[in-house]
Structures are given as C-alpha cells and as structure tokens.
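An overview of the molecular structure
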Amino acid sequence: MGHRPDSVVANRGRRRFLIGSAAALALPFLESLANPKPSYGWTAAPGMPQRLVIFFNGHGLIMEEFVPGPNMALGSILQPVADVGLIDKSLVVTGVNMKTQHGHDGTPSLLTCNPVVPNQYGITHATTASVDHVIAQHMQDGGLARRLDLGVSNDSTNDSHNGLSQEHERIFWSGDDELIETIIKPQLAFDRVFPNGPPDGGMPTEPEVDYLALRRESVLDGVLENFNRLQGRVSAADRERLEAHAERIREIERSLQNGPGGPTSPTCNEGLEVMLAGLDHRGIAETQIDILAYGIACNVFDVGTFKANDLEENAWSHVTHPDLVQTFAGENYHGAWHRASDERLDYARRAFGAIDAWYGTLFARLLQRLDTIDEGDGTALDNTMVVWVSDFGHGGGHSSDNLPIVIAGNAGGATLGRHVNYANDPTSPYGDDSQPGNHNLAVTMTQAFGINGDTFGDYNNTVQPVQSGPLSL
Amino acid sequence: MMGNDLSRWCRVGGAWVALMVLSASTGATGCTGNIGDADGIDPSAQAAVGSPDFRRLSPLEVEQTIDDVLAEFDIAEPAEDLLLAPPDVRHTFSNTADSGNFTTGQIQNIMAWAESVSLVFSQNVDTALGCTPSSSWDDCASDFASRIGRLTFRRPLDAEDLAVFQTVYEDVTLQAEDPARDGVRAIVELALESPEFWYLSNQTRPDSQRLTSHAVAGRLSYYLWGTMPDAELRDAADRDELQTPEQIRAQAGRMLDDPRAEAIITRFHREWLHLSPATTLAKDTERYPSFDQDLAADMDREFDRFVQRQVSEGNVVDLLSSRESSVNSRMESLYGLDASASGPEDWVWRELGPERGGILTRPLFLANTAGLGESALIHRGVAVIENYFCKTLAVPDDVSDEAVEVAPDATSGKMAGVENRAAKARCAGCHSTIDPIGVSFEVFDAIGGFRTSYPDGIDIAPAGEIAAGLIVEEQVPYETSADLMDQLATRPDVQACYASKWLEWSTGRRPTSSQRQEVERLAEQGQLSIRALLLEVATSPLLTHREDF
C-alpha cells in the first residue's frame, strides 16, 4: 500500500472527458433549440422567465460607482452593461437591506432568509435551501434540480486542485448544512455541460434499455437498505445525519425512476468557442461565464450561478491599477477591503473601484452572451431572470444595508431600463430599518417563477423588521 | 442597524474560552493551573469523558483508501479522482466531523466515482476475484463481496450484510448487458456508496461504552494513517485484541513506525497552521529573485523533515522552539548560513541562527503569512493566538470610518498602522495583543529570510510584550520572536493547546471544557515526547469510548 503525497492527490487519474490542453474548441452548429429538454411539467407563464441565473460577488462594492445618478447616469461598475447595449434590459435596485443577520456570519442566509446556525468552530451555515434552489426544485416538480454552479477562485489556476470549491462566501444551499459546491475550473464546467464530450454533429443516441440506470436503481436500493439497518444502531444525533444523507439518495433514486435525469448535451452551441487551459483568472472567469450562458440558454439547466470568490493579491494581475499593490500589500481580499473603509484611504477605494468595474464587465458579458442566442421572438436573455447581488453593500464598511442589486433580462414583468431606489442615500453604509430586505427580493424571484405565496423564510427572527410581499418594482 | 457594541470587536470563541471562563469563575488560575499535577486527576473521571464522534471520511481519506483497496486486489490501475470539494480548513482539519451534509450533486459525483472504480474491477476480474463470476450468486460472487466488504466496512460482513449484496447482485444480473460483469460492478458500487464505508463506526460492545475492536481499528487507522486498517490491524480486530490500552498502544506504536504515518504527521502540522504548499504561493520575483519552484519545494520539504524529526525524536518544546533544521544548499542560503551542504540534493541537519525558534520561524509558515512582497504581521499574530492558544478571533465587522492602516506601503509604514490600531479603543481590544506578536516576526520577510531593517532602511524593533488579558493572565515580555517562542514552548496552556489539536485530529471534534482534564493529561505526555502524546491519544477514552447511545 503506497501512500499518496497530498500535493498530487487532485492531480492524478483522468477525467472522463479530457479535452486537449490549451486548445481552442470551436463547436459545430447543431440545431438551435430544436430539441429542448423537457421539464417535469413546469411551464413558464407567458412573458415570465424560463430560467434563473444569479451572479454573486462577495464583500459588496464601491457603492458610489454602482448607484446610477439622475437619468441613469452610470458609474464605472455598470457602464460595461451600457457598453454592450443592455442597460435597457437591466433594472438597477438599491436600498434593499439584509434582514436576517448582519456581518460575515449572516452571509449564508442572504438567499435563504432563515437564521443561520454556527458549528463547533463558530462557522455559520444555512438551515434551509436558498431561493435559487427552491426555484430549481419547483421547475422540476419533484425531479432533481437542474443547476449549474460555476465561478472563479484563487485555486482556479492551481493545477493540484480538483476544481470544486466550498470556500469563502457561502451563498447557495440545497438544505440544512448542504452547501452547493462551485465548479472553479473551465474544464470541469465544460465536462458538466457536455458530459458526452463535444458534440460531433449528431445527437447522442439513447440506448434501448438503459442498463446503467437499472443497475443504479438496484445499487441504491441496497445502499438505502444499509442505511436503514445502520439507523437502528446509532444515536439520535447520528440518525439525523444519516437520514439527511439517505434522503438525498432517495431523491436521486426517484429521479432514476421518473426518467432521464441530469444534463444532456446542448444543441444550441452556435458560436461557443472556449479556451479550457492556460488561462489566468480573468480568462477563467470569462470562460466560465460563456459556459454558463450556453448551459443555461441551451436548456440543459434551469438555474445557474456565477460566483466570484475572493481573489487574493496574485490573482489580480489582470486588473492593472496602480493602487492595487498597496491595497493588497500583506493582506487578503477581506483585509484589503477593510483598507477601503476609511475616507482617507482613497487609494484602496480606487483599487476596488477597478476591481468592481471588472465584475461589471463579467456581468455585462453574461447578459451579452445570453442576448446573442435567438429564442422565440426575442433572445435567451429575454426569457431569463438574471440577478446580480452581493452579501454586503458598502464593502469597506462591511455594511449589510443598501445591497447592490441588478435584475436583468426578465424581471418577472417589471419594466426594465430603470433604477428603483428605496433609500435616502443608497451609497451609505447605513440604511434605514424601514427599507425592504432580502426576503422581498426572494419573493420577487419566487413569484416570477409561479410559486404561490408572498413570504420566503423567517420574518420573526430578523435584525430589522421586514414586510411580506415582493419588492415593489 | 449597525451596532457599536464593543464586544463585537473582539469576540473570542472556542472551547478553551469556555474553559477560561470556567476557571476564572471557580477561582482557579486558568489553563495553567493544574497541568503537571498528575495526582490531581481522577482516573475514573477520565473513563467517563467524551465520545468519539460519528464522523464521515474526508475526500482525502476516501481517495487514499481506494488506492489501498485496489492494491489489496493486486490492481495497479489507479482510480479516478473523487470529485468532492476539499473541506474548508480555515478553522479546523480536513477530517472534521463538521463537514456538512451531502447535496444531491455531491452524491451523484460519488456515484460516478464508485462507477469508475467498479469499471476498473470489471476490467481486472481475473486478478481481483481469482475466479469467474456467473450470473448467479455463487461462491465467487459471495467471496468477492465478503472481501471488499471487509475492507470498506472495516469489519467482517455478517449474514444480513451479505444478503443485501446478494439481493443487489441478483437484481442486477437479471437485467444486464453482461450479467456477471455488471454484477461485480454492483458489488463494488454498493460497497463504496454505503454508509458503513463513509462513516467511521462508533459501535460499542454490549452494555459498555467501549467501542468494539473493529470500531477501534477504524479510528486508529484513520487517525494515524488516514486510510483503512492494514491486514495486521484487521487481524487484531478480528481477534478482539484492540480493547486494553496495552493492546491499542502496541498497534499504535507499530503504525507510527510505518511510513504511512509520515504523510499524516505532515498533513496534521500543515493543516494545524493552515499552510498551503509553498509551491502554490506567489512572491514578488524582483524583490525575491531566489524564490522559484525549486526553493518553494525545498521550503515544503524542510518543514516536513522538521516535523517528522520532532515527532519521532523530540517533545513539544522542541517542536515549538528548536533551532535545528534539515537544509540543502538553497535553504542554507535562505537562512544565511555558510555553505556546508554540497548541493540541492544534500540535506544536512544544521543549527540555525539565534533569531530562529521552532516551527513558526520556518520559511513555510512565514511565506504563508505574507503577501507578494511584504510580511503580514496581523496574520502572524493571529496565527499564534489561534494555533498556540486555541482561541478563535472573530473577523471584525462594521469597521466603517475606522483608520485600519495609515500607510501599508510594503515597508515600515506598517508600523504606523500598529500605532493607529493601538490608539483606537475599538481596535485595541484585539490588536493590542495581535500586533505586538506580529511585530516580533517582522524580522522575517515574505519568504522567511532574516532581516534587521525594512527596505526603506528603518530598523525593525521586535521587542515587545503580550499584554495580559486576551490570551495570558500575566504579561509576557520578550526581546525577539525567538525569545517569545522559547517562552511559549514551555507554557502549559500552549502545550495543552497542541495536545488538544491532536485530539481534534483524531476524533473530528474540538475538545470541550468538560474534557479539560483529559487534555491536560495528554499534554503531560507531550512534555516527554510527541510520540508519547500520540500513543496516549490512541488510548484516550475520547477515541476508544462512546459517551451516549
């Protein structure tokens, strides 16, 4: 039994669908949405979004550069959206506060709207699914949620990292202490969207009898039987843990019985050309955005997320701002943000202004990619609700008030191309208790997807009062 | 609204805090009081403390285990990667019991991985099974299930277990493309997706808090090797000879002598201090022209050789304050030693300069707690508080309009930030303790080289004191970081913290204040030798017993 050194653990073996390294991969045009994958009975109401994408960056933004001025005068963060001609398909929302819990500990509850629970190390986790996952489950009506969670992080360029991340701001949850992992490497993202390898011009043929599905069902039956037997031999707390695990296996087994689960290869990949290796953090983020847009627009997934994890000093080489080195000197992303908190530390504000403007270009790229795919009378963007949100407002102040929000593409019927503001000063780190909250944003989303009810989460255990209903847009 | 509650600025969390509070309220002298007073510990009280948690294997442990399972079946082909995110180890170890619940996506990835392993088995049926399976449940299939089940469930299969394997096998062979092959694959997949594989057993003996020998074997093996029990440990468990402390100690001693323990000793110390391999760190190449992948790999190797030596030959004081190190020619140059190694392949043990002392003055730690060009003094200070005193500092929230640093311009400008934080009540609560510790380490640059002044020519003044209050009851003055390390190495509370980290590693749980006596008892062993500490952890009731059922 040889022992495997830690440093090569994630490196060895092979992936199922290895594509040549550093090769630009141009995919042939197949049939544009000729054969969209059927959902489990859910259909978008006319004019309402057919899918959801959430764009997230941690630690907020330099709000002065985000909040539009009179007549939609844009700062550096949203100017890239205007540059690709899509500010008219975007609704900028300011003056929404985090109501569940403030500070870093509250971050896991941003989209769950329920109280968080600390573990033995004081690290908090969510106790329920976040709104994106609730919507994803709703759209599959009992089947497995079809979601694609991509992002960029420091480890995206680390060859010895396996490409799945749980780090930093923990936002997307499928249940109690169930953190949804982020794919941080384009190769892995590509494999997930194209599990059968790059399309070769023909549709994959389905076998007459799916022996693999049959075997999986039998094996899972046996696995669940072993869970049942073990349940009787463990303590109550352990039983709870086993039950959470078993329940997810049951969900997978049900999806096997209900028909084809998981992604199939998209058939609307016109124009997708991606580099999968040899990229810096900027290139990785852009590629992830492209893969996400195609995975979503091609109806392989119902819900997609893009997460810009905290990047450290050496990952910002593509943002060539003269103040960046000083801002990060000896600090990580979090500590560097603190340097942007003081009025006198203008250099850090300038540096983060440049970083945030880069987030703006990524968001603009996402919208632009979706908008190039024809769908019905319009584009894929018109049928997608794209939400940009962060866990903080004023990043330097670590403020949980006045979060930056953009709802683009399809805002559930709300008129786009506007700025809706609920705060006296939406750039301030200090909001007012009477402003709407993350619960209202969540209900805006659930209602757009036809989920009945005007509440989401817990309205009693909050740090500020919050009313039911959606945002008034 | 954003609060101004000062308590938010320096919340200190974790088990040892509870312990401190407890001690203060009972008039004892904190963590330092009773340690070393062996007579004061009641053996019967020890037997009642704690229970091993029902923890899940970490992705690293699973991957190592499957390598070893394949080797047991003489299959040379490696398994595919297990696609699970590495655990977040900012506050704990990769094998923590607090690893969250699985999502459906993670379970699907586990299924895909198990199917890739079963494919390898099906391609090596003759080698692996030594017989030809058929479409019916015969001896060939049954023997294979018993063998792979024994390894993955870490105990012999009973009739009920085998019945489940049989049902699945018969189910699959009934409707399969290639019945025998798919039947074998189903056996492997069932073995690797079942809870008996993923969760370390805490099965106890009838009417006892003591774990069965098979459960003890699993715990010992993942504690010291990070993988499944080997044949000798399995045999000992089958003979029920993992019950007395002597039996367990004998096996643990054998396991510590095995090369497999080396990887775990390295992993423990790197995760304890939250260190990334130096080969993954970026540094300013203009400022540090010597820092390349070769030197980075040397830093990693030096650190590993240092901890291996201290664990096999030293005690906790050596680990925390020793000036010896194993160096090659590149490391001699980094340390500013005159050359004695003949080259990069020649590793020699040397006495380092008086500025060094212990594990925290090694370049791997120092390079991890630094940015591209300059050291990160706050991070170094926090590392001492969290890793040597077992205290967790809350990340400060709500620092709007506070001057955090005046001129972090990569040089002596940092010192203005230190003064600034000390002058502000909201910062000083934590930073009056964090910063002086960090300042003592300023004599080490961003790759761990020694210096006496900043690049702008300003001298570094490492002398200072740890103020009484946050982590120590009486102030601790020091001249240099090496002096500070010497003092910390002999402190009972620091030694107890180190012992508690090994307990955390071995059980997946951080010891609680009610387990204080046990931690102190183990820490005494650490004063003798780290090896004695590790053997004592192996026989600790926290590992071998269960509290509740």
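Reading the values: rules and limits
- Residues numbered from 1 in each chain as written.
- Chains lettered and ligands numbered in written order.
- Predicted model: local features only at pLDDT ≥ 70, side-chain atom pairs only at ≥ 80, totals over all residues.
- Heavy atoms only, no water.
- Helix = DSSP H or I, 4+ residues; strand = E, 2+ residues; numbered from the N terminus.
- Buried < 20%, exposed > 50% of the residue type's maximum accessible area, 1.4 Å probe, protein only.
- Contact = heavy atoms within 4.5 Å.
- Areas by Shrake-Rupley, 256 points an atom, 1.4 Å probe, with all protein chains shown as cover.
- Phe/Tyr/Trp six-rings, centres within 6.5 Å; stacked < 30°, edge-to-face > 60°.
- Salt bridge = Lys/Arg side-chain N within 4 Å of Asp/Glu carboxyl O.
- Buried area = accessible area lost by both parts, 1.4 Å probe.
- Polar contact = N/O pair within 3.5 Å; in protein donor to acceptor, adjacent residues only side chain to side chain.
- Nonpolar A, V, L, I, M, F, W, Y, C, P; charged D, E, K, R; others polar.
- Expected span 1.5 Å × (residues − 1).
- Disulfide = S-S within 2.5 Å.
- pLDDT = per-residue confidence, 0-100.
- Core = buried A, V, L, I, M, F, W, Y, C linked by side-chain atoms within 4.5 Å.

Further remarks concern the overall build of chain A. Within chain A, the regular secondary structure consists of 10 helices and 17 strands. Residue burial in chain A is summarised as follows: out of 473 residues, 62% are buried. Long-range pairs, those at least 24 residues apart, make up 76% of the contacts in chain A between residues at least 6 apart in sequence. Total accessible area computed for chain A in this model is approximately 16,300 Å², and 48% of it derives from carbon and sulfur atoms.

A word on the overall build of chain B. Helix and strand content of chain B: 25 helices and six strands. Considering chain B as a whole, with its 549 residues, one finds that 62% of them fall into the buried category. The long-range share in chain B, meaning contacts at least 24 apart out of those at least 6 apart in sequence, stands at 70%. Working note: accessible area of chain B is about 19,000 Å², and carbon and sulfur atoms make up 50% of it.

Residues and elements named next belong to chain B. Phi is positive for His-274, close to 55°, though the residue is something other than glycine. Position of His-274 relative to the elements: it lies in the loop between helix H13 (259–272) and helix H14 (293–313). Look at Cys-390: it is not a glycine, yet its phi comes out positive at around 55°. Here Cys-390 shows up in the loop between helix H18 (377–388) and strand E4 (392–393).

Residues and elements named next belong to chain A. For the structure shown, the criterion picks out 32 aromatic pairs over all chains. Ring centres of Phe-66 and Trp-388 lie 6.1 Å apart, and the angle between their planes is 80°; this geometry places the pair in the edge-to-face category. Taken as a pair, Phe-66 in the loop between strand E2 (51–57) and helix H1 (79–83) and Trp-388 in strand E15 (residues 384–390) lie far apart in primary sequence, 322 residues in all. Of the residues examined, Phe-66 reaches a relative accessible area of 1% and is grouped as buried. Plain terms: the ring middles of Phe-328 and Tyr-333 are 6.5 Å apart, the flat faces sit at 45° to each other, and that makes the pair tilted. Judged on exposure class, the residue Phe-328 and its partner Tyr-333 are both buried.

Our focus in this paragraph is the pattern of salt bridges. All names here are of chain B. Counted according to the given criterion, the structure contains 52 salt bridges over all chains. Among the ionic pairs, Glu-72 bridges to Arg-234, the shortest N-O distance being 3.2 Å. Placement of the pair is Glu-72 in helix H3 (residues 59–72) and Arg-234 in helix H11 (residues 231–238), with a sequence separation of 162 residues. By relative accessible area, Glu-72 is classed as partly exposed at 26%. Residue Arg-234 is classed as buried on the basis of its relative accessible area of 11%. The partner of Glu-536 in a salt bridge is Arg-249, with the nearest N and O atoms 3.3 Å apart.

Chain A puts 90 residues into the contact, and the matching count from chain B is 109 residues. Across the chain A to chain B interface the summed buried area is about 8,700 Å²; carbon plus sulfur atoms make up 52%. Where chain A packs against chain B, one counts four salt bridges. We note a salt bridge from Arg-216 of chain A to Glu-115 of chain B, for which the minimum N-O separation is 2.7 Å. Taken together, the connections running from chain A to chain B amount to 20 residue pairs in polar contact (both at pLDDT 80 or more). Within the residue set of the side of chain A that touches chain B, elements represented by two or more residues are strand E7 (164–165), strand E9 (178–179), helix H4 (211–231), helix H5 (236–257) and helix H8 (333–339) of chain A. Per-element accounting of the side of chain A that touches chain B gives the leading share, 15 residues, to H4 of chain A. Its residues placed into classes, the side of chain A that touches chain B shows 28 nonpolar, 33 polar and 29 charged.

Its 16 residues give helix H22 (residues 492–507) of chain B an end-to-end C-alpha distance of 22 Å, which sits within 8% of 22 Å, the value for a rise of 1.5 Å per residue. Once H22 of chain B ends, the next one or two residues include Gly-508 of chain B, with phi positive near 85°.

Here H14 of chain B is 21 residues long and its end C-alpha atoms lie 30 Å apart, about the 30 Å a rise of 1.5 Å per residue gives. With a side-chain oxygen lying 3.1 Å from the backbone nitrogen of Asp-294 of chain B, the N-terminal cap of H14 of chain B falls on Asp-292 of chain B.

Bringing the state of the cysteines into the picture now. Residue and element names in this part refer to chain B. Within this structure, the stated rule accounts for two disulfides over all chains. Paired by a disulfide, Cys-131 and Cys-140 hold their sulfur atoms 2.0 Å apart. Handedness of the Cys-131-Cys-140 disulfide follows from its S-S torsion of about 85°: it is right-handed. The residue that forms a disulfide with Cys-390 is Cys-497, at a sulfur-sulfur distance of 2.0 Å. With the S-S dihedral at roughly 90°, the linkage between Cys-390 and Cys-497 falls on the right-handed side.

In this section: the confidence of the model for chain A. One rule of thumb: low pLDDT means the predicted coordinates there are not for detailed reading. On average, residues of chain A score 85 in pLDDT, and 85% of them are at 70 or above. A low-confidence stretch, residues 1–38 of chain A (pLDDT under 50), is modelled with 111 contacts involving residues beyond four sequence positions or located in other chains.

We now examine the nonpolar core. Note that soluble globular proteins tend to have their nonpolar side chains buried in a common cluster. Membership of the largest hydrophobic core comes to 103 residues, with the highest contact counts inside it found for Leu-220, Tyr-223, Trp-272, Ile-359, Tyr-388 and Trp-502 of chain B. The contacts of Ile-359 of chain B, once residues within four sequence positions are left out, are His-269, Trp-272, Leu-273, Phe-303, Phe-306, Val-307, Leu-319, Leu-320, Phe-365 and Tyr-388 of chain B. Grouped together as the second largest cluster of nonpolar side chains are 73 residues, Leu-345, Ala-348, Ile-373 and Leu-381 of chain A included.

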